[in-house]
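A closer look at the structure
Spelled out from the first residue to the last, the chains are:
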Amino acid sequence: MSEGSTHAKPYIRVAAGLILKADGQLLLGQRPVGKPWEGWWELPGGKIEADETVLQALARELHEELGIAVTHSTRWVTYIHEYPKTIVELNFCRVTAWEGEPHGRENQALAWVDPTQDLTVGPVLPATEPPLRWLRLPDHYLLTQLRSPEQLASGLAQLEQRLASGVRMVQFRERDWPEGPSADSLYEAFCQVLALCRRYQACCLVNSRHPIEWAQQADGLHLRSTDVPAAHTWAQSPGLLGVSVHNSGQLRAAQSLEPDFMVLGHVLETPSHPGKPPLGWEAFSQLAETAGCPVYAIGGQSDATFATAQSHGAHGIAGIRQL
Ligand SMILES: Nc1nc2c([nH]c(=O)n2[C@H]2C[C@H](O)[C@@H](COP(=O)(O)OP(=O)(O)OP(=O)(O)O)O2)c(=O)[nH]1
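Residues numbered from 1 in each chain as written. Predicted model: local features only at pLDDT ≥ 70, side-chain atom pairs only at ≥ 80, totals over all residues. Heavy atoms only, no water.

Attention now goes to the overall build of the protein chain. Counting its secondary structure elements, the protein chain contains nine helices and 15 strands. Counting only C-alpha atoms, the protein chain reaches 65 × 55 × 40 Å along its principal axes. The buried share of the protein chain, taken over its 323 residues, is 50%. The long-range share in the protein chain, meaning contacts at least 24 apart out of those at least 6 apart in sequence, stands at 62%. (Helix = DSSP H or I, 4+ residues; strand = E, 2+ residues; numbered from the N terminus. Buried < 20%, exposed > 50% of the residue type's maximum accessible area, 1.4 Å probe, protein only. Contact = heavy atoms within 4.5 Å.)

Alternating positions in strand 9 (residues 169-172) separate into two faces, Met 169 and Gln 171 on one and Val 170 and Phe 172 on the other, with burial throughout. Where strand 8 (residues 140-143) meets strand 9, two bridges bridge the pair, whose relative direction is parallel. Bridge assignment links Leu 143 to a residue of strand 9, and that residue is Gln 171. Handedness of the β-α-β unit built from strand 8, helix 3 (residues 152-164) and strand 9 comes out right-handed. Pairing analysis gives four bridges linking strand 9 to strand 10 (residues 203-207), with the strands arranged parallel. (Pairing = 2+ DSSP bridges. Right-handed = clockwise from strand over helix to strand, strands pointing away.)

Taken together, 16 residues are adjacent to the ligand, and Arg 31, Leu 43, Lys 47, Tyr 83 and Thr 128 come closest. Between a nitrogen atom of the ligand and a main-chain N or O atom of Leu 43, the distance comes to 2.6 Å. Take Tyr 83: an N or O atom from its side chain is 2.5 Å from an oxygen atom of the ligand. In the complex, 79% of the free accessible area of the ligand, which totals 640 Å², lies under the protein chains. One can see that the ligand is located within the largest pocket. Looking at the shell around the ligand, the elements with two or more residues in it are strand 1 (11-19), strand 4 (45-47) and strand 6 (87-99). The leading source of residues in the shell around the ligand is strand 4, at three residues. Across the shell around the ligand, the residue classes tally to eight nonpolar, three polar and five charged. (Near = heavy atom within 4 Å. Polar contact = N/O pair within 3.5 Å; in protein donor to acceptor, adjacent residues only side chain to side chain. Areas by Shrake-Rupley, 256 points an atom, 1.4 Å probe, with all protein chains shown as cover. 1 Å grid on protein atoms, 1.4 Å probe; cavity = no way out; pocket = protein on both sides within 12 Å on 5 of 7 lines; lining within 4 Å. Sits in = over half its atoms within 2 Å of the grid points. Nonpolar A, V, L, I, M, F, W, Y, C, P; charged D, E, K, R; others polar.)

The geometry of an aromatic ring pair comes down to the distance between the two centres and the angle between the two planes. What the rule picks out here adds up to 14 aromatic pairs. Measuring from ring centre to ring centre gives 4.6 Å for Trp 37 and Trp 40, while their planes differ by 85°; the resulting arrangement is edge-to-face. Accessibility expressed as a relative area gives 33% for Trp 37, which makes it partly exposed. Put simply, the rings of Phe 172, Tyr 187, Phe 190 and Trp 214 touch in pairs and so form one group of aromatic residues. One Lys or Arg, Lys 21, reaches over the ring of Trp 112 and ends 4.3 Å from the middle of that ring. (Phe/Tyr/Trp six-rings, centres within 6.5 Å; stacked < 30°, edge-to-face > 60°. Lys NZ or Arg CZ within 6 Å of the ring centre and 35° of its normal.)

This paragraph deals with the UniProt feature "domain: Nudix hydrolase" (unreviewed entry) in the protein chain. When the UniProt feature table is mapped onto this chain, "domain: Nudix hydrolase" (unreviewed entry) is found at residues 10-137. Within residues 10-137, the helical portion is 15% and the strand portion 39%, while the C-alpha atoms at the span's ends are 32 Å from each other. (UniProt positions renumbered as here; feature names shortened; annotations may be inferred.)

A contiguous patch of positive charge on the surface is contributed by Arg 147, Arg 175, Lys 276 and Arg 321. Counting through the fold element by element, Lys 276 comes out in the loop between strand 13 (261-265) and helix 8 (281-288). (Patch = residues over 30% accessible without salt bridge, like charges linked within 9 Å, V, L, I, M, F, W, Y side chains within 5 Å. Salt bridge = Lys/Arg side-chain N within 4 Å of Asp/Glu carboxyl O. Lys, Arg positive; Asp, Glu negative; His and termini not counted. Charge placed at Lys NZ, Arg CZ, Asp CG, Glu CD.)

Here the protein chain averages 94 in pLDDT, while 97% of its residues score no lower than 70. Here residues 1-5 is modelled with pLDDT under 50, and outside its nearest four sequence neighbours on either side it reaches one contact, counting other chains as well. For this predicted complex, the interface score ipTM comes out at 0.92, alongside a pTM of 0.94. (pLDDT = per-residue confidence, 0-100.)

So, on to unusual backbone geometry. Apart from glycine, the bulk of residues carry a negative phi angle, and the bulk of peptide bonds sit in the trans form. Cis geometry marks the peptide bond from Gly 122 to Pro 123, where omega comes out at -10°. Following the sequence through the fold, Pro 123 ends up in the loop between strand 7 (110-113) and helix 2 (129-134). Gly 265 connects to His 266 through a cis peptide bond whose omega is 5°. Note that His 266 resides in the loop between strand 13 and helix 8. You will see that Trp 37, though not glycine, has its phi angle at about 60°, which is positive. Mapped onto the elements of the fold, Trp 37 is located in the loop between strand 2 (26-30) and strand 3 (41-42). Residue Gln 201 is not a glycine yet carries a positive backbone phi of 55°. Since its relative accessible area comes to 71%, Gln 201 is described here as exposed.

Reported here for the largest pocket is a volume of approximately 620 Å³. Looking at the largest pocket, it is lined by 25 residues, and the ones nearest its centre are Val 14, Arg 31, Glu 42, Val 88 and Leu 125. Elements represented by at least two residues in the lining of the largest pocket include exactly strand 1, strand 4, helix 1 (54-66) and strand 6. As for the second largest pocket, its lining consists of 31 residues, and the residues nearest its centre are Leu 143, Arg 173, Ser 272, His 273 and Ile 298. Elements with a contribution of two residues or more to the lining of the second largest pocket: strand 12 (240-245), strand 13 and strand 15 (316-319). (Points joined across faces, edges and corners; volume = space filled by probe spheres on them.)

What follows is the structure in structure tokens.
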């Protein structure tokens, strides 16, 4: 190393809370005078001490900064951001229950904002922008299963039922369509699915087994893990990008595409992967922690597993049957 060359940047581990009211409002705080980035808005939280877990640090920081006692929090996304002088590992956690009314105990201003709209405060720290974007992702991700022209009408009726009961993100994926994944008859079915999604203001992503042009007509592309290497050579398609992964190698490869989210599984036994051993929740949470973006759990998921999925770091659940 030549004289005067820079030393490695300090690596700071931070726990930051997405404090969410039941109506979706999110709490932001303004960095107080005297701190780096003073006046910028951020998620409440702070540095993790050596002997603390992420959730312990979060609870301590939120008590110190806001005077609240956290009663329910889950890990969400761990995201690494490089600033000019530091590298920050942000352990974003969702906080959905607490005691006390948050108030700035460090002279910081606070604001409840609607994360689905343009922010009424600003600017937010650069590393705080991704989680605000990710919060817009619905927590249920439904995969279609129309199967065949004969079963199309009943498949569409089932899809409409799921949309009517609140599903807001759909992946068009037909593995068994008898005429193949690019057939004209399937394109017609896809157009009907897209129209249904539009009617319910749900977004529709198209699986990469189907023609890329279909994804361009919809709201984004969902890549199979086997299509990740080829995706580097494709022109970037607009909209959301989701990627399916099953192990750490695939997860690393998917990261290079900087997707909006990943789908990881199968977590539990599922009829679509008979005889293949499931990942289980521990492996799921260890892998999800390294993804750097929201992760949906897939495989045996239903409302009965939703809380377990979130307590293992999932953004939400994905599936065909029970969503
Ligand atoms: N709390 C929080 N920190 C964030 C966010 N986004 C982001 O880049 N950071 C960065 C800014 C800082 O470099 C670091 C947090 O450090 P900090 O200085 O606030 O930590 P702290 O509360 O423990 O402060 P101190 O002990 O140094 O006074 O993480 C965010 O949304 N919330």
